[in-house]
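Given next are the chains, with one letter for each unit.
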Protein chains: 2
Amino acid sequence: METSVNKNRSIAEQEKFQNSLVTGLQEFLGEQRAQLQEISEDAAELIDAVAVLADGGKRLRALLAYWGWRGAGGAELAGQAVQAGIAIELFQAAALIHDDIIDRSDTRRGKPSVHRGFELRHRQRGWSLDAERYGEAAAILAGDLCLSFSEEVFAGIGSEGASGTRARKIFNRMRAEVMAGQYLDVLEEVAGPGRPPEHAVDRALKILRYKSAKYSTEHPLCLGGALAGGDSELISRYSAFGLPLGEAFQIRDDVLGVFGDPETTGKPAGDDLREGKRTVLIGLTLNNCSPSERDYLEKHLGSPDLTGAEIDGLRGIIEQSGALGSVEAMIAELSDAAFSALELLPVEPVVGEAMQNLADRAVRRTA
Amino acid sequence: METSVNKNRSIAEQEKFQNSLVTGLQEFLGEQRAQLQEISEDAAELIDAVAVLADGGKRLRALLAYWGWRGAGGAELAGQAVQAGIAIELFQAAALIHDDIIDRSDTRRGKPSVHRGFELRHRQRGWSLDAERYGEAAAILAGDLCLSFSEEVFAGIGSEGASGTRARKIFNRMRAEVMAGQYLDVLEEVAGPGRPPEHAVDRALKILRYKSAKYSTEHPLCLGGALAGGDSELISRYSAFGLPLGEAFQIRDDVLGVFGDPETTGKPAGDDLREGKRTVLIGLTLNNCSPSERDYLEKHLGSPDLTGAEIDGLRGIIEQSGALGSVEAMIAELSDAAFSALELLPVEPVVGEAMQNLADRAVRRTA
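Parameters and conventions
Counting starts from 1 at the beginning of each chain's written sequence and moves along it residue by residue. Written order determines the labels here, with chains lettered from A and ligands numbered from 1. Selection of residues for local features in this predicted model requires a pLDDT of at least 70, selection of side-chain atom pairs for listing and counting requires 80 or more, and totals for whole chains, interfaces and linings are taken over all residues. Only hydrogens and water are set aside when side-chain values are computed; all heavy atoms of the structure are taken into account. UniProt positions are given in the numbering used here, feature names are shortened, and annotations may be inferred rather than shown by experiment. By definition, any uninterrupted DSSP run of H or I lasting at least four residues is a helix, any uninterrupted run of E lasting at least two residues is a strand, and each is numbered from the N terminus. The quantity called the radius of gyration is restricted to C-alpha atoms. Its globule counterpart is 2.2 Å times the number of residues to the power 0.38. Contacts between residues were defined by any pair of non-hydrogen atoms, one from each residue, lying within 4.5 Å. Only the protein chains shown count as cover for residues, and the accessible areas themselves come from Shrake-Rupley with a 1.4 Å probe. Counted as positive: Lys and Arg. Counted as negative: Asp and Glu. His and the chain ends are not counted at all. Positions of charges follow a simple convention, taking NZ of Lys, CZ of Arg, CG of Asp or CD of Glu. Lines are fitted to the C-alpha atoms to define the axes, a helix being fitted only along its stretch in contact, and any angle between axes, read from their N-to-C directions, falls within 0 to 180 degrees. Just so you know how the angles are binned, under 35 degrees is roughly parallel, over 145 roughly antiparallel, 65 to 115 roughly perpendicular, and the rest oblique. Think of it as three bins: nonpolar holds Ala, Val, Leu, Ile, Met, Phe, Trp, Tyr, Cys and Pro, charged holds Asp, Glu, Lys and Arg, and polar takes everything else, Gly as well. Note on terms: buried area is the combined drop in 1.4 Å-probe accessible area of two parts once they are placed together, counting the loss on both. Should a side-chain nitrogen of Lys or Arg be within 4 Å of a carboxyl oxygen of Asp or Glu, the pair is scored as a salt bridge. Whenever two N or O atoms come within 3.5 Å, that pair is a polar contact, provided that in protein one can donate a hydrogen and the other can accept it, and provided that, for residues adjacent in sequence, both atoms are side-chain atoms. The cut-offs for exposure are 20% and 50% of the maximum accessible area for each residue type, with area from a 1.4 Å probe on protein chains only; residues under the lower value are buried, those over the upper are exposed, and the others partly exposed. The quantity called pLDDT is the predictor's confidence in a given residue, expressed from 0 to 100. Here the copies are matched by least squares. The fit uses the C-alpha atoms of residues with pLDDT of at least 70 in both. For any helix crossing, the convention is left-handed if the near helix is rotated counterclockwise from the far helix by under a right angle, and right-handed if that rotation is clockwise. Working definition of a nonpolar core: buried Ala, Val, Leu, Ile, Met, Phe, Trp, Tyr and Cys residues. They are joined through side-chain atoms within 4.5 Å.

- With an unreviewed UniProt entry as reference, chain A is termed Geranylgeranyl diphosphate synthase, type I, source organism Crystallibacter crystallopoietes.
- Under the UniProt heading Cofactor (unreviewed entry), the entry covering chain A gives this text: "Mg(2+)".

**A closer look at the overall build of chain A**
Alright, step 1. The helix and strand tally for chain A stands at 16 helices and 2 strands.
Alright, step 2. Rg of the C-alpha trace for chain A: 21 Å, near the compact-globule value of 21 Å for 367 residues, within the 12% margin.
Alright, step 3. With the principal axes as the frame, chain A shows a C-alpha extent of 60 × 55 × 40 Å.
Alright, step 4. Partitioning the intrachain contacts of chain A with sequence separation of at least 6 by distance along the chain shows that 74% fall at a separation of at least 24.
Alright, step 5. Counting only carbon and sulfur atoms, one obtains 49% of the accessible surface of chain A, whose full area is about 13700 Å².
Alright, step 6. A gap of 2 Å separates the mean positions of the 40 positive and 56 negative side-chain charges of chain A.

**Looking at the packing of helix H8 (residues 200-227) of chain B against helix H12 (residues 280-288) of chain B**
All names here are of chain B.
Alright, step 1. Viewed as axis vectors pointing N to C, H8 and H12 meet at an angle of 175°, and their least axial separation amounts to 8 Å. In terms of axis orientation, H8 runs roughly antiparallel to H12. On H12, the residues that touch Ala-200, Val-201, Ala-204, Leu-205 and Leu-208 of H8 are Val-280, Gly-283, Leu-284 and Asn-287.
Alright, step 2. Partitioned by chemical class, the residues of the contact of H8 with H12 number 7 nonpolar, 2 polar and no charged.

**Some words on the interface of chain B and chain A**
Alright, step 1. Chain B puts 55 residues into the contact, and the matching count from chain A is 55 residues.
Alright, step 2. Buried area between chain B and chain A, summed over both chains or domains, comes out near 5200 Å², and the portion from carbon and sulfur atoms is 65%.
Alright, step 3. When residues of chain B are sorted by the area they lose upon contact with chain A, Ile-39, Arg-133 and Tyr-183 of chain B head the list and together hold 14% of the total.
Alright, step 4. Put simply, chain B and chain A have 2 salt bridges between them.
Alright, step 5. Asp-42 of chain B is the salt-bridge partner of Arg-195 of chain A, the closest N and O atoms lying 2.7 Å from each other.
Alright, step 6. The tally of links from chain B across to chain A stands at 20 residue pairs in polar contact (both at pLDDT 80 or more).
Alright, step 7. Of all the secondary structure elements, the ones that give two or more residues to the side of chain B that touches chain A are helix H1 (2-39), helix H2 (44-54), helix H4 (79-102), helix H5 (114-125), helix H6 (131-155), helix H7 (166-191) and H8 of chain B.
Alright, step 8. With 16 residues, the top contributor of residues to the side of chain B that touches chain A is H7 of chain B.
Alright, step 9. A class-by-class count of the residues in the side of chain B that touches chain A yields 29 nonpolar, 10 polar and 16 charged.

**Let's talk about the pattern of salt bridges**
All names here are of chain B.
Alright, step 1. By the definition in use, this model includes 58 salt bridges over all chains.
Alright, step 2. Residues Asp-48 and Arg-33 are paired through a salt bridge, measuring 2.7 Å at the closest nitrogen-oxygen approach. With a gap of 15 residues between them, Asp-48 in helix H2 and Arg-33 in helix H1 connect regions that are remote in the sequence.
Alright, step 3. Residue classification places Asp-48 among the partly exposed residues on the basis of a relative accessible area of 28%.

**Details of the confidence of the model for chain A**
Alright, step 1. Here chain A averages 93 in pLDDT, while 98% of its residues score no lower than 70.
Alright, step 2. Looking over chain A, one finds the lowest element-wise mean pLDDT in helix H10 (residues 262-265) of chain A, namely 81, and the highest in helix H3 (residues 60-71) of chain A, namely 97.

**Observations regarding the relation of the copies chain B and chain A**
Alright, step 1. The two copies are related by a screw operation: chain B maps onto chain A through 180° of rotation and 0.0 Å of translation along the axis, at an RMSD of 0.0 Å. Taken together, the rotation and translation describe the operation of a two-fold axis.
Alright, step 2. Comparing interface residues between copies, 98% of those in chain B also lie at the interface in chain A; the contact surface is shared.

**Details of the packing of H5 of chain B against H6 of chain B**
Residues and elements named next belong to chain B.
Alright, step 1. One can describe the packing of H5 onto H6 by two numbers: an axis separation of 7 Å at closest approach and a directional angle of 135°. One element, H5, and the other, H6, form an angle in the oblique class. For the element pair H5 and H6, the recorded crossing hand is right-handed. Between H5 and H6, the contacting residues are Val-114, His-115, Arg-116, Phe-118, Glu-119, His-122 and Arg-123 on the first element and Ala-131, Glu-132, Tyr-134, Gly-135, Glu-136, Ala-138, Ala-139 and Ala-142 on the second.
Alright, step 2. In the contact of H5 with H6, the residues fall into 7 nonpolar, 3 polar and 5 charged.

**Regarding the nonpolar core**
Alright, step 1. In this structure, Leu-90 and Phe-241 of chain A together with Leu-90 and Phe-241 of chain B are the most contacted members of the largest nonpolar core, which totals 252 residues.
Alright, step 2. Those residues within four positions of Leu-90 of chain B in sequence are excluded, and the remaining contacts are Leu-25, Phe-28, Leu-29, Val-50, Cys-146, Phe-149, Ser-150 and Val-153 of chain B.

Okay, here's the thing in C-alpha cells:
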C-alpha cells in the first residue's frame, strides 16, 4: 500500500519534471533559432534538425539525473535539475547525430537520421553536387552546434556547474569517456578482426562500458547527485547502482540490435549485423561456434546489404553457439547487482521507487 | 624612437604569452591523454591527433584575445588570459578537423589533415573494411573531443567565464555563429548555383563574415576585452577594429586559396577551386565574365580532379573579369577602416603596437 502511494507520487513528480524539461528544451532551441534567423533563415535549418531529434527519445539520462539530484537532497523540480537534464539531452542528441553518420544509420527514432534528412532535402530541392556529402556535412555541423548548446546550458546552471566542482568534473569526464568509447568502437570494427579473438569479449565489454553504460546511467545519476551537493560516499553508491544497470541496459541494446523487432525498435531488422558491430554477443559467438560458422560470420558481418536469409543465418549461429543464453544470464546478473545496490541507497522512498521504475525500464525494454 | 621601444616591449611580452600558451596547451592535452590512457592506449590516439594539429598555426586568435585582454586593463601574462587563449586554440582545432572532413582537404598546415592521418594509419596497419570511412569517423570524434576540451578550458577560467558574463555570451555566440557560417558555406556550394546570381556576392560576404571574419578577429578580441572587464563602449570599439580586419583577412585568404603559392600556404594550388568554394572572388567573377567563361567556370568549379591547365584557365577568367582587382580594392578599404578604428582605441601604446603588428600580419600575409 505504502509502496503504491510512493509509486504514484514518483510518477506524478516525474511527469512534471519531464514537462519542464521538454518546455525548457523547446524554449532554449527557440531562442537559439531566433538568434540564427537574424543571420539567415537558412541557418535556422540547423536548429530545426536538432529540434526534431531532441523532441523524441526515452529521456532516460535526464530522468536519472533528476532522481540522482533528488536522492541527494535536491529540491523538487528545481531549475538547476531541469537545466542539467536539458544539457544531458542535448549532449545525447549531439552524440546520436554524429554516431548515425559514423554508423551510416538511415533512421533514428523511427524518422530519417539527421544526415539522411538533410540528404533528402537536397534531393527534393534538386540542388547541385552530391546529396550524400551535403547531408553528412550539414549533420556534422548540426552535431557540433548541439554539442556547444549542451555545454552552454550546463554552464548556465550557475556556480554548481562551474569549474572545479564535482558535477563539472563528472560532466567533463562523461564527454571525454563517451568519445573515447565511440572511438574504441570504430577502431574495433577495423582492427578487431586482426586482434586476439580470445580478448574480443573483453574489448567489447570495455567499449560498452565507456561508450554507453557509464554515460547512459552512471554518469547522469552521479551528475545529478553531485549538483545537489551529494558527498563522495553517496556518489560511489550511485555508481554501484548505475554502472551494472548501464551495462545490463547496453547488453540488452545489443541483443535488440540483432533480435529486436523493427516495429518497436524503430531500426531495421539486424541493423547491428549490417553495421558489423563487435558486441559482447558477437565476441561470445565467435569463441563458441564452429570454424565454418566463424567463416560465415566473418564474411557477412558488416556487409551493408545483408539479405533477410543471411540475417536469419547469422541469428541462428548466435543462438546455437549459446552466446544469446550467456548474455541473457549476464543481463540477469548485472541487473541483480544493480537492484541490490539500489536497495542500499540512502534515498527517500519516493526517489527509490522512481529509480526502481527507471531501472526496470532500462533492462526489460524491447525498444 | 618611442614607437620602436613599445614595439620591442610588445614583441617580448607576446613571446612570453605565446610560450605560456603552448606550455599550457601541452600540459592540458598531456593530462587528458593520461586520463584516456587509463581506459586504453588506443583511446589516447585521439589526443595525439589533436596534439599534432594544435601544435601548429599562427595563433592569431589567441594573440588577439590576449591583447584584447591587455587593452581592457587585464594584467600582463595573467593565467585567465592564457586559459582563454587555449580555449580559443582548441575551438579552432576542432573547427579545422571537421572543416577538413567537410571540404575533403588532404592537408592542413603542411601535414595530412586529421582524417587523412587516421586513414593513412589504417592502410599502414592493414586493417579491415574501408580506410576512408574509418578516417572520417575517427576525425569526427577527434573534433568532438577537441570541442569539448575547448569548453572545459573555458569553463575553467573561473567566474569571468561562468554563466551570464559578457565573456561567456561572446564565447557562446562565437561558436554558434561559426557553425551557422560553415553551414551557409556548405549550403551555398549546393544551393548557390540555383539562386539569383546577382545576390551571390552578398551571400558570399555573409558567409565570410560569420564563418570566418567575426571568429578570426572580432570575437577573440572582444572576448579578451570582456574577460578583463571591458565595458560595452570598449567592446564596440574593438568590434569596429576587429570586424573589418577579419573581413580583410578572410578575403585575403580567398585570394590565396586561388592564387596562393603551395610552398607557403601548405595547401595544393587552386585548392578552393577544386573544392568549389563560392567566395566573393568567384561571385564577382560570375557577375562580370562572358557567358562562355561563366559556363567554363560553372563546369569546372568543384571538380575534384582539376588539371593544372584548368586551374590556369580559371585563374585567367578571374583576373580578366576584374574580380581580382576588385577584391584587392576591398581588402585595402577594409584594412583602412580597421587601422583607422585601431588608432582610436583607448589602449596603452604597447597594446596598440601589438594590435597593429597582428593586423598587418592578418591582411598582408602570404600563407
